[in-house]
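Examining the three-dimensional arrangement
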Protein chains: 2
Amino acid sequence: MSVPFSVNRPCRLNEVSVWDQEADVIVVGFGAAGASAAIEAASAGVRVVLLEATSGNGGTSALSGGEIYLGGSGGTPVQREAGFNDDTEDLYRYLMMAGGPDADEAKVRLYAENSLDHYHWLVAQGVPYKNTFLPEKMLEPVTDDCLIWSGSEEAWPFAEEATPCPRGHAPQYQGWGGGRLLMDVLAARVSELGVEVHYDSRVMALVADDDGKVHGVVVRSDGRLRFVRASKGVILCAGGFVMNREMVRSHAPQLMHNENPIGTPGDDGSGIQLGISVGGAAIHMDEAFVSLPFYAPESLVKGIFVNERGQRFINEDSYHGRIGYHILRQGGNRVFLLADNATFERPAEFTRIDIAAVGETWDEVEQELGMPEGTLAASVAFFNRHAAEGRDPLFHKAAKWLKPLNEPPFVALDCRFDYAFFPHFTFGGLDTLPTGQVLTARRELVAGLYAAGRTSCGLPRWGGGYSSGMSLADATFFGRQAGRHAATQG
Amino acid sequence: MSVPFSVNRPCRLNEVSVWDQEADVIVVGFGAAGASAAIEAASAGVRVVLLEATSGNGGTSALSGGEIYLGGSGGTPVQREAGFNDDTEDLYRYLMMAGGPDADEAKVRLYAENSLDHYHWLVAQGVPYKNTFLPEKMLEPVTDDCLIWSGSEEAWPFAEEATPCPRGHAPQYQGWGGGRLLMDVLAARVSELGVEVHYDSRVMALVADDDGKVHGVVVRSDGRLRFVRASKGVILCAGGFVMNREMVRSHAPQLMHNENPIGTPGDDGSGIQLGISVGGAAIHMDEAFVSLPFYAPESLVKGIFVNERGQRFINEDSYHGRIGYHILRQGGNRVFLLADNATFERPAEFTRIDIAAVGETWDEVEQELGMPEGTLAASVAFFNRHAAEGRDPLFHKAAKWLKPLNEPPFVALDCRFDYAFFPHFTFGGLDTLPTGQVLTARRELVAGLYAAGRTSCGLPRWGGGYSSGMSLADATFFGRQAGRHAATQG
């Protein structure tokens, strides 16, 4: 070779003199998407090789709470036990709204109709779920309980279009971090099914023929380059790009001023770049989950957010990621959460939400923040007047969260994007069919290539609609589709 | 060939048995960028072939007003005649702000230092400029005058960082549409210099070797496929992607609800896709110019914009494209421009800005629009109170535009994105060096490949900062850099 291998340029098939290994399906990346793809392909009886760049499995999935967004078909056993009957059409409508202006209707439809089956599949793999429901607003259970409200289901405008139902299913695991448990279960299945796993194996390039069909990969393993053939398909499940700050700057520069990306070093965009190198289209690369995890304490949901001009901009009972999305759309850097003595509780220390100002009147708070007279105080007065009547005519916050903020002392909490804790990760990735097959910009197939998880652009593709559990739902469900489809090929 | 040629996949060099034609430099696309690239390459004495997909030259450049953003080095003759001394550092700082969170510092620096030379180059090509200045706020001159304020130079926050100076230079042409004149001049030069131009010649694929270096193109010309070699480089100047609504949906879905893209059918994204097919990275694909051309009449700048909650959101003396950018970031579809009897003039008919409500009091207007009491009216009252003192504490509109809106009758103009005239085009494209050389996602060079104009991501890359003339400035100046650099190659 005259130039080294690159994820940005495929190795030509005729450059491969000998295949070091032959497989039917190659899965790249051992997070939840890769594990699910490998399980399904191996279950179909084909030879699967799973290549993981690091020394262990889990990827970013293992860092998560392990929540999966599930429901429809009348509800999972957990939802039914909690008294919810989750209609498939409600799940469909919610996911269509959550997908934003370019929601992927085909994926949403397939997922809504098969989400309950997916729950049973997860249970069959060994993922434990306790049949319990926690009705409070929270990030994820700290106990081993299962079901929570993990999105904006009860909030305007979602509740207008889709009957609200809680759908965040956390594995039975004490404390935060059920994602590790989820991955342990899936990894055990991968092992049982005889998938050949290679750790410390970084894919350097795809191998493609002159028609653009993908035939395998070039992988650096144990310090040497190996050519591995995939007779049926290569499935890219190598994560997103949030840890590649150069890519973040080029696609989602609004994220550059916060230092809390959620990811592993593997989320370096190489999976997406591999797909692009053979004609795959990367879409919605600017979109991201950007959260301000200001609840719990649940009582802060009764507070109101204002921008640096004292203007309110969101119903505060929305999902914290929807609030983060709107915070980034306010001109100016300063954003405050206002509470009174009755609603204030100190946010969790990790949020770095500090107190910006305190006063005996809202005028005092306004002044202390250096805002012009009649801005913040007027917004609070307007809110209070209607809250007292159980109404929020501007943002339609639900009545249960409406309480006039009229008990001094009053407090403004500092929620600046460049200071507070705003965990974030990217949604942009390869455009795929529901089968996981990668598409070009003209929506033609890239033969032999699949993608799933955050290497693809899936159900989560709009910051204004994301809900906890959507990314793992997408990764596991569409990872499975890719594994099954690839197993049936050529 | 077993599969047809595709812009998404390069033709391999070893598939080319015979070159139908040999050139030094191939330029793809005959708009302002392609013409400028061809002129410079031909002036350097190399053989240039220019391939244009349609039957005539001009592209989207010819549809424009022909304005070019020029200045620095003490000012162009036009600026000096009008009494402005345009410091290079002011131009630099303005363009850095205009470039937004990922402004391309290297391009901005090169352009700021050489913009005056670029003016002289344009004049040397034959572009006529009249030494006149029109101080009013306008879209572009309807007379044959030259210099206008074509951005947000005098508006906050730009004026705080960079001494304001008008920099929009329109060619001497009576009426709108000076872009056609600009293109006629450049096309005449292309012809004089002996550039070989082929119309009705669509590039179907790039030709690349196994190391990824670009060697030429496959072009469909007169109904047959031809292989054209470029010994020094291929320069992609094939426009943006705003006319490819599938691509718009995948990258900038916020634009889908308006039917006024600015472009020709050639802006189908094929130039960008060609670059991606050989490893080029497309960046900032979500960014766009989105204008609401509500002035002239200039007096409407004294009005105020409010969103559907009655909240003000921008200093109205900003450039109309910056206002369009902020309109799209307001939750909800309804946006209004408020004026009183003293400031109201009917907007141009083509803007489709209709009257939404009229009242003798602002309370009446608020009510007629169905807004809750104390929203719109409170915003106007707040604005009026400070405007009377010559201040705008929230958005810092300049004093000359501040006038209390207190003379009935009062009017709300309907500026809905899905109804009014919001011309728009995309900024996203191939990442390039200031030389025009195309870069991969790792910012490695794609050998033999250049891009300019809206096929690249250049000076204009943030909707919040665009100014009229920046796109043609970028297309002509960096088109020239690409032509010159390519001419010196291998």
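Residues numbered from 1 in each chain as written. Chains lettered and ligands numbered in written order. Predicted model: local features only at pLDDT ≥ 70, side-chain atom pairs only at ≥ 80, totals over all residues. Heavy atoms only, no water.

1. Things to note about the environment of Pro347 of chain A
Residues and elements named next belong to chain A. Note that Pro347 resides in the loop between β14 (335-339) and β15 (354-359). Between the alpha carbons of Pro347 and Gly65 there is a distance of 19 Å; along the sequence they are 282 residues apart. Leave out the neighbours within four places in its chain, and Pro347 touches Pro297, Leu300, Ile353 and Leu413. (Helix = DSSP H or I, 4+ residues; strand = E, 2+ residues; numbered from the N terminus. Contact = heavy atoms within 4.5 Å.)

2. Some thoughts on a negative patch on the surface
Residues and elements named next belong to chain A. Together, Glu360, Asp363, Glu364, Glu368 and Glu373 make up a region of like negative charge exposed at the surface. When you line up the elements, Glu373 lands in the loop between α10 (362-368) and α11 (376-387). Judged by relative accessible area, which is 65%, Glu373 ranks as exposed. (Patch = residues over 30% accessible without salt bridge, like charges linked within 9 Å, V, L, I, M, F, W, Y side chains within 5 Å. Areas by Shrake-Rupley, 256 points an atom, 1.4 Å probe, with all protein chains shown as cover. Salt bridge = Lys/Arg side-chain N within 4 Å of Asp/Glu carboxyl O. Lys, Arg positive; Asp, Glu negative; His and termini not counted. Charge placed at Lys NZ, Arg CZ, Asp CG, Glu CD. Buried < 20%, exposed > 50% of the residue type's maximum accessible area, 1.4 Å probe, protein only.)

3. Here we look at the pairing of strand β3 (residues 48-51) of chain B
Residue and element names in this part refer to chain B. Alternating positions in β3 separate into two faces, Val48 and Leu50 on one and Val49 and Leu51 on the other, with burial throughout. Once the chain exits strand β2 (residues 21-28) it traverses helix α1 (residues 32-43) before rejoining the sheet at β3, and the crossover so formed is right-handed. Two elements, β3 and strand β8 (residues 196-198), share three bridges in a ladder whose sense is parallel. Its bridge partner lying in β8, Leu51 is registered against His198. (Right-handed = clockwise from strand over helix to strand, strands pointing away. Pairing = 2+ DSSP bridges.)

4. Looking at the pairing of strand β8 (residues 201-208) of chain A
Residue and element names in this part refer to chain A. Most of β8 sits out of view: seven of its eight residues are buried. Both strand β1 (residues 11-12) and β8 contribute to a ladder of two bridges, which runs parallel. Within the sheet, the bridge partner assigned to Cys11 lies in β8 and is Val207. Once β8 ends, the chain turns through five residues before running back antiparallel as strand β9 (residues 214-221), passing Gly212 with a positive phi of about 95°.

5. A few points about the packing of helix α1 (residues 32-43) of chain A against helix α6 (residues 178-192) of chain A
All names here are of chain A. Relative to each other, α1 and α6 sit at 30°, their axes nearing to 9 Å. The angle between α1 and α6 places the two elements in the roughly parallel class. Every pair of crossing elements has a handedness; the one defined by α1 and α6 is left-handed. For the pair α1 and α6, the contacting residues are Ala32, Ala35, Ser36, Ala38 and Ile39 in the first and Met183, Leu186, Arg189 and Val190 in the second. When its residues are assigned to classes, the contact of α1 with α6 shows seven nonpolar, one polar and one charged. (Axes fitted to C-alpha atoms, helices over the stretch in contact; angles between N-to-C directions. Parallel < 35°, antiparallel > 145°, perpendicular 65-115°, else oblique. Left-handed = near helix turned anticlockwise from the far one by under 90°. Nonpolar A, V, L, I, M, F, W, Y, C, P; charged D, E, K, R; others polar.)

6. Topic: the sheet that holds strand β7 (residues 168-169) of chain B
Residue and element names in this part refer to chain B. If you trace the four strands from one edge of the open sheet to the other, you get β4-β7-β6-β5, paired in mixed fashion. Because the sheet does not close on itself, it has two edges, and the strands there are β4 (68-69) and β5 (133-134). As judged from the two bridges shared by β5 and strand β6 (residues 147-148), these two strands associate in the parallel manner. Each bridged residue has a counterpart across the sheet, and for Leu134 the counterpart in β6 is Ile148.

7. A few points about the side chain of Asn8 of chain A
Examined against the element boundaries, Asn8 of chain A turns out to sit in the segment before β1. For Asn8 of chain A, a relative accessible area of 7% translates into the label buried. Polar side-chain contacts of Asn8 of chain A include one of 2.8 Å to the side chain of Gln273 of chain A. Residue contacts for Asn8 of chain A: discarding those within four places in its chain leaves Gln273 and Ser277 of chain A together with Gly279, Thr440, Ala441, Arg442 and Glu444 of chain B. (Polar contact = N/O pair within 3.5 Å; in protein donor to acceptor, adjacent residues only side chain to side chain.)

8. Re the interface of chain A and chain B
Residue-level contacts link 46 residues of chain A with 47 residues of chain B. Taken together, the two surfaces of chain A and chain B that pack against each other cover about 4,100 Å², and 52% of this comes from carbon and sulfur. Considering only the surface of chain A that becomes buried against chain B, Asn8, Asp211 and Arg329 of chain A emerge as the three largest contributors, covering 13% of it. Our enumeration of links across chain A and chain B arrives at zero salt bridges. Our enumeration of links across chain A and chain B arrives at eight residue pairs in polar contact (both at pLDDT 80 or more). (Buried area = accessible area lost by both parts, 1.4 Å probe.)

9. Considering the UniProt feature "domain: FAD-dependent oxidoreductase 2 FAD-binding" (unreviewed entry) in chain A
With numbering matched to this structure, UniProt assigns "domain: FAD-dependent oxidoreductase 2 FAD-binding" (unreviewed entry) to residues 24-458 of chain A. Split by type, residues 24-458 of chain A is 25% helix and 20% strand. Its first and last C-alpha atoms lie 25 Å apart. (UniProt positions renumbered as here; feature names shortened; annotations may be inferred.)

10. Things to note about the relation of the copies chain A and chain B
Mapping chain A onto chain B calls for a rotation angle of 180° and an axial translation of 0.0 Å; the resulting RMSD is 0.0 Å. The relationship between the two copies is best expressed as a two-fold rotation axis. Both copies share a contact surface, since 100% of the interface residues of chain A are interface residues in chain B too. (Least-squares fit on C-alpha atoms with pLDDT ≥ 70 in both.)

11. Describing the packing of helix α4 (residues 105-125) of chain B against helix α12 (residues 470-487) of chain B
When two helices pack together, their arrangement is given by the angle between their axes and by how far apart the axes lie. Residues and elements named next belong to chain B. Running from N to C, α4 and α12 point in directions that differ by 95°, and their axes come no closer than 10 Å. The pairing of α4 with α12 is recorded here as roughly perpendicular in orientation. Contacts between α4 and α12 pair Lys107, Leu110, Tyr111, Asn114, His118 and Trp121 from the former with Ala473, Thr476, Phe477, Phe478, Arg480 and Gln481 from the latter. Here the residues of the contact of α4 with α12 are counted per class, giving six nonpolar, four polar and two charged.

12. Thoughts on a nonpolar patch on the surface
A cluster of nonpolar side chains, Val142, Trp176 and Phe350 of chain A, forms an exposed patch at the surface whose accessible area comes to about 300 Å². Checked against the element boundaries, Phe350 of chain A lands in the loop between β14 and β15.

13. As for helix α4 (residues 105-125) of chain A
Note on helix geometry: an α-helix contains 3.6 residues per turn, so any two residues three or four positions apart are oriented the same way. Residue and element names in this part refer to chain A. The end-to-end C-alpha distance of α4 is 28 Å, a good match for the 30 Å that 21 residues give at a rise of 1.5 Å each. Remark: the principal bend of α4, roughly 55°, maps to Asn114. Every buried residue of α4 is listed here: Lys107, Val108, Tyr111, Ala112, Ser115, Leu116, His118, Tyr119, Trp121, Leu122 and Gln125. Just downstream of α4 lies Gly126, where phi reads positive at about 115°. (Expected span 1.5 Å × (residues − 1). Bend = angle between axes of the 7 residues up to and from the residue.)

14. Things to note about the packing of aromatic side chains
In the structure shown here, the tally under the stated rule is 50 aromatic pairs over all chains. Residues Phe305 of chain B and Phe313 of chain B carry aromatic rings whose centres are separated by 6.2 Å and whose planes lie at 45° to one another, so their mutual orientation is tilted. Phe305 of chain B sits in the buried class, given a relative accessible area of 0%. Aromatic rings pair up to connect Phe289, Tyr319, Phe425, Phe427 and Tyr466 of chain A into one cluster. Positioned over the ring face of Phe478 of chain A is Lys107 of chain A, at 6.0 Å from the centre of the ring. The ring of Tyr92 of chain A is capped by Arg109 of chain A, whose NZ or CZ atom sits 3.9 Å from the centre of that ring. (Phe/Tyr/Trp six-rings, centres within 6.5 Å; stacked < 30°, edge-to-face > 60°. Lys NZ or Arg CZ within 6 Å of the ring centre and 35° of its normal.)

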